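Per-entry structural report
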Amino acid sequence: MKDSKRFSGNARIWRIQKVALFIMTCLFCTRQVALYAQASHKREVIKAREYQIRPNTGQDQTVALQKVIRKIQAINHPVTLVFEPGQYDFYYKTATQAPYYISNTSGKEELDTEVKTIAILLKDIKGLTIEGNGALFMLHGKMTSLVADNCRDLTIHNLQFDYARPTMSEFTLTAVTNDYIDVKVNPDSWYRIKDSILYWYGENWDGEKTPPRLFTCVYTPVDSALHFVNAGWKRLTQAKRAAEIGENKVRFYQNKHTGDKLGGAVGDVYTVRDITRDEVGLFLLQSKNIRLDNVQMHFMHGLGIVSQFCTNLHFNHLRCAPRSQTDRICASTADMAHFSGCNGKITVENSFFSGAHDDPINIHGTHLRIMQQLPGDKLIVRFMHHQTYGIQVYAEGDSVDFISAKTLLPYATRVVTAYKRLSEYEIELQLNEALPANIEAQDCLENTTRTPGVVIRGNYFERTPTRGLLVTTRKKVLIEDNIWFKTGMSAILIADDANNWYESGLVRDMTIRGNTFIGCGQPVIHIAPENKLLVPGKFVHHNIHITQNIFKIEGGAILSARSVGGLQFTNNKILPLNAALKAAGGSLIAVDGCSGVVVLGNKLPKGVDGSVKTAEMEASKLNLTSDWQIIKKKQ
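Now for a quick tour of the structure. (Residues numbered from 1 in each chain as written. Predicted model: local features only at pLDDT ≥ 70, side-chain atom pairs only at ≥ 80, totals over all residues. Heavy atoms only, no water.)

1. Some details on the overall build of the chain
The condition is simple: Each helix corresponds to a stretch of at least 4 residues labelled H or I by DSSP, and each strand to a stretch of at least 2 residues labelled E; elements are numbered beginning at the N terminus. Note on exposure labels: buried denotes an accessible area under 20% of the residue type's maximum, exposed denotes more than 50%, and partly exposed covers the range between, all computed with a 1.4 Å probe on protein chains only. Contacts are assigned to residue pairs with any non-hydrogen atoms lying within 4.5 Å of each other. A 1.4 Å probe and the Shrake-Rupley method give the accessible areas. Residues count as covered only by the protein chains that appear here.
The secondary structure content of the chain amounts to three helices and 52 strands. The 635 residues of the chain split such that 56% are buried. Partitioning the contacts of the chain with sequence separation of at least 6, the portion at a separation of at least 24 is 72%. Surface accessibility of the chain: about 26,900 Å² in total, with carbon and sulfur atoms responsible for 51%.

Have a look at this one:
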């Protein structure tokens, strides 16, 4: 009996101990989870100075920064890398060499290698914030400023990038006569004159040893705009008619025998570049949650900030423009912000774009042509444009649409279940179902998964001879509260093609609201899919709303649209930029093969009649206010 009681008492004690142990275990586990959560959110601060990376020394900081980056790669919690204000120099001789395929850059006929020269390479890094504190990273030699490859949660804050010798050469006309033209060369544009020929050169490139393919644009102060120029100026550095007349002062003699006369006016600034796109400004590849905040790109060679196959990009207070103290005009030899095959959400806001030889912003996917149908559910597709190849376009699980090359309309949808790269140009895909039976020659595939939602808001665009914004995506697009000033071509282009650049895709929901367009090229908004065939009742683009904008124009069309179902142009204000305002061809709006067109509530200048020119559509497809009229295009 005593033993029984003793056993019962021991059992109770054991149960109490067991409960206590359980409680202690739970508390321990909770503590460990808390500590793990704390560690996972811990942010380590690394100061560049502590690793001998110091500003204003003129010394090469490349190797020292590479060592810090390797240290950061090994850290499994968030890191902030802090720089002091000042100038940090990076030289091409110690830069990283690595092969990268980059959309819309030079192809095999222009380059014999995909190897890029990279000042800063960030690879496989998570949770890094770079705090620049306004520092200036100065590049010496032709190279890519920064690459972020397979990075996550990357923020670059308060940082500037520039070149000691930009690959864009610039000079200002100081005298113009029938016999000669005198120019003042920008001090950042290095040159030599040999046998009466002017050659541009830099720290690792030389126009004398490797003749460039030159392209020229001119900035004219009279209208504060950048323009394409005549062929004579394009050939000026090959002509034997240059002489040095002072420090950074050159005289070009007119060639009266050939009639290749150089024109221009005193004060005009000529900008000359090599069209080879062998490097880019920043390259963001297969990365996620990337933020550029108060980043300034004062010059970018080849192509600008290229985001390729990335997810969720936020550019806020981005400034793509020359430093004011340099008196330069151009900050990029081509596009400034180029997005290819991205998804998630792209936001570009509160930013400034000035001085691009091509489009400041371009957002698109890539059509690949169907080359071969294999048995069952496989096919081979091919990159068609020579500047885009070798890049990641598909991943397993991505949805793809079959696109008619003639109509640009989708006719079947499949899912990628396997992806095999056959070469730099061709890819074999396995799909989740058998191929559709109605595939025609030259039809393409569009990756509909890799299409982003887009917000372009509160930005200012100026000094470009081309368009201001290109965007083609199926996801929701908001273009709001921006200003476009005297773009050489349309301020906004909505294209889509499967025969030229092969830049996809279809627009399904776009709002263009509250923007101001000042003296832009015509048509100011151009919706121009390159479909060869219109299909009655079917449209390439859908649901485009243009509302509450201000158009300050000298003349010409405000809007031209082709193959849009559901196009609204409402409550906009049209103002004259000068005393004479006439619409080119007698119409402010032209619509071709559209339906559900609404033109209501728009304010016109006194004495200007609103008109809509139509083609390939019935008048019943338009809803106009009484102060607008329909002009049917002659067939």
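Moving on from the coordinates now.
2. Considering the packing of aromatic side chains
Here is the rule: Classification of ring pairs rests on two measures: the distance between centres of Phe, Tyr or Trp rings, Trp counted by its six-membered ring, which must be within 6.5 Å, and the angle between planes, read as stacked under 30 degrees, edge-to-face over 60 and tilted in between.
Overall, the coordinates contain 24 aromatic pairs when judged by the stated rule. Ring centres of Phe137 and Phe161 lie 5.6 Å apart, and the angle between their planes is 80 degrees; this geometry places the pair in the edge-to-face category. Pair noted here: Phe137 is in strand 6 (residues 128-140) and Phe161 is in strand 8 (residues 152-163), with a separation of 24 residues, a long-range link. Classification of Phe137 by relative accessible area gives buried; the value is 2%.

3. Describing the sheet that holds strand 14 (residues 225-228)
Let me state the cut-off plainly: Here a strand pair is declared whenever DSSP counts at least two bridges between the two strands. A fitted line through C-alpha atoms represents every axis, and for helices the fit uses only the stretch in contact; the resulting angles, taken between N-to-C directions, go from 0 to 180 degrees.
Here we have seven strands laid out as an open sheet, ordered 14-13-17-9-10-16-15, and antiparallel in their pairing. With partners counted over all chains shown, the strands left at the sheet margins are strand 14 and strand 15 (242-246), one partner each. Neighbour-to-neighbour, the strand axes of this sheet turn through a mean angle of 35 degrees, independent of strand direction.

4. Notes on the pairing of strand 43 (residues 541-547)
In terms of strand pairing, strand 40 (residues 510-513) meets strand 43 through four bridges, oriented parallel. Residue pairing across strands places Arg513 opposite Thr547, the latter belonging to strand 43. Two strands pair when backbone bridges link them, and strand 43 and strand 46 (residues 564-570) are joined in this way by six bridges, in the parallel orientation. Within the sheet, the bridge partner assigned to His545 lies in strand 46 and is Gln568.

5. Focus: the environment of Val477
Looking at where Val477 falls in the secondary structure, it is placed in strand 36 (residues 477-480). Overall, Val477 belongs to the buried group, its relative accessible area being 1%. For the pair Val477 and Ile544, spaced 67 residues apart in sequence, the C-alpha to C-alpha distance is 9.4 Å.

6. What to know about the pattern of salt bridges
The cut-off we apply is this: Whenever a carboxyl oxygen of Asp or Glu lies within 4 Å of a side-chain nitrogen of Lys or Arg, that contact is scored as a salt bridge.
Considering all chains together, one arrives at 27 salt bridges under this definition. For Asp401, the salt bridge is made with Arg474, and the minimal N-O distance between the two is 2.9 Å. With Asp401 in strand 29 (residues 399-403) and Arg474 in the loop between strand 35 (469-471) and strand 36, this residue pair connects regions lying 73 residues apart in the sequence. Of the two residues, Asp401 and Arg474, both sit in the buried class. A cluster of three or more residues bridged by salt bridges with shared partners is formed by Asp162, Asp188, Arg323 and Arg328.

7. As for the sheet that holds strand 27 (residues 368-373)
Taken in spatial order, the six strands line up as 27-28-31-30-29-32 and close into a barrel, and their pairing is antiparallel. Taken pair by pair, the neighbouring strands of this sheet meet at an average axis angle of 45 degrees, ignoring direction. The sheet contact formed by strand 29 and strand 32 (residues 444-447) spans four bridges and is antiparallel. Counterpart to Ile403 in the pairing with strand 32 is Cys444.

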